[in-house]
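Take a look at the letters that make up each chain.
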Amino acid sequence: MPTLDDILENVGEFDRFQKQTFFVLCLLSAAFTPVYVGVVFFGFTPEHRCFSPGVAELSQRCGWSLEEQLNRTVPEWGGHGAGFGSRCRRYEVDWNATGVSCTDPLGSLVGNRSSVPLGPCRDGWVYDSPGTSLVTEFNLVCEDSWKLDLFQSSVNAGFFIGSINIGYIADRFGRRFCLLNTILANVVCGILLVFVPTYLWIVILRFLQGLVSKGCWTAGYILVTEVVGPRYRRTVGILYQTAFSVGLLVFDAVAYAIPHWRWLQLTVTLPSCFFLLYYWCLPESPRWLISQGKNDKAMKIVSDMAKKNRKKMPSHFDIKLEEEDGGKQSPSLIDLVRTPQMRKNTFILMYNW
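Residues numbered from 1 in each chain as written. Predicted model: local features only at pLDDT ≥ 70, side-chain atom pairs only at ≥ 80, totals over all residues. Heavy atoms only, no water.

- Under the annotation held in an unreviewed UniProt entry, the protein chain carries the name Solute carrier family 22 member 2 and is attributed to Accipiter nisus.
- According to UniProt, the comment filed for the protein chain under the heading Subcellular location (unreviewed entry) is "Membrane". (UniProt positions renumbered as here; feature names shortened; annotations may be inferred.)

A closer look at the UniProt feature "transmembrane region" (unreviewed entry) in the protein chain
Logical step 1: Mapped onto the present numbering, the UniProt feature "transmembrane region" (unreviewed entry) falls on residues 21-44, 150-170, 177-196, 202-224, 236-257 and 263-282.
Logical step 2: Along residues 202-224 one finds 100% helix and 0% strand; the C-alpha atoms at either end are 32 Å apart.
Logical step 3: For the annotated span residues 263-282, helix accounts for 55% and strand for 0% of the residues, and the straight-line distance between the end C-alpha atoms is 30 Å. (Helix = DSSP H or I, 4+ residues; strand = E, 2+ residues; numbered from the N terminus.)

Concerning the side chain of Lys214
Logical step 1: Inspection of the secondary structure puts Lys214 in helix H12 (residues 199-226).
Logical step 2: In this structure Lys214 is buried but unpaired, with Asp171 as the nearest side chain of opposite charge at 16 Å.
Logical step 3: With sequence-adjacent residues up to four places away left out, Lys214 is seen in contact with Phe32, Phe159 and Ser163. (Buried < 20%, exposed > 50% of the residue type's maximum accessible area, 1.4 Å probe, protein only. Lys, Arg positive; Asp, Glu negative; His and termini not counted. Salt bridge = Lys/Arg side-chain N within 4 Å of Asp/Glu carboxyl O. Contact = heavy atoms within 4.5 Å.)

Focus on the packing of aromatic side chains
Logical step 1: If you walk through the whole model with that rule in mind, you get 18 aromatic pairs.
Logical step 2: Geometrically, the ring pair formed by Phe42 and Trp261 is edge-to-face, given 6.4 Å between the ring centres and 70° between the ring planes. Of the two residues, Phe42 sits in helix H4 (residues 39-42) while Trp261 sits in helix H14 (residues 261-269), which places them 219 residues apart along the sequence. You'll find Phe42 and Trp261 in the same group, each marked buried.
Logical step 3: Counting every residue linked through ring pairs, the aromatic cluster contains Phe32, Tyr36, Phe159, Trp217, Tyr221, Tyr240 and Phe244.
Logical step 4: A cation over a ring is seen here: Lys147 above Tyr199, with NZ or CZ 5.8 Å from the ring centre.
Logical step 5: In this arrangement the basic side chain of Arg172 is found over the ring face of Phe173, its NZ or CZ atom lying 5.3 Å from the centre. (Phe/Tyr/Trp six-rings, centres within 6.5 Å; stacked < 30°, edge-to-face > 60°. Lys NZ or Arg CZ within 6 Å of the ring centre and 35° of its normal.)

Shown next, in the form of structure tokens:
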């Protein structure tokens, strides 16, 4: 009996049908970038300093430039750039007091500038940025800067768990089923991120996005390599990942144009809604159908492939496809280390990552 690779040589290894599938899946790969590297823009940390009540009024009364105001009212502000003291500490003085000198305000308040007490930023921060980010909205700076790391760590934790569990779902229920459901979950989480008001819910939704997004990307990678012939698998695998790199460039441009993180999140999420249309245009992997003993359905897809590619199915192929691995499979994690060759491949890939 012929194998699927034998039939692909006759109906087209990388013709119109495969090119269409490849193109729509490359769009999916490119759209994955905001989840993977979104923290660069969603969590952008602009230059900042403590907000001190009265400083703005004093600066206006004295006619200071911004640089003069910073030099006279912000600790450790100098030529070596902003440090922890200038970003996270403020002078514990009353800038609204009467008799404050415009030439030496600290000296007129406490006498010895070196003995001015410093304190935390009790009244918030001033950010030198025209836009907004998670950092500016929730003040994820100074003592709370670790919360920005937690935001990205939650995504990575989702990637780790999702890569295992959703990979199993793709093997158990099909690539197309996995792809469509993870797209839907990613869209829902992405839209909810725009509207949730608290940091905790943002971290939870970000984790859920990571949980489904990496599995979604991987399912697309598997599908695109399973519908083409053996000679093209390596090429489409590389180009699928190249689409991700193109998505990085597009995401950079969009983030440059939209400096407000919630609007940016909405802008990069809404196009993903169109991926739900893949329900009507994306085929199931015939190779997976064969592995599950669903040869008739696989043959139907192969026939559609031949028709789309304007190729004629040879008559001697109008038979049930050979189950290439000897029957219906029940995949498990043990398969990764079951044989010496699989153990070698698994450990090499783990080391590379």
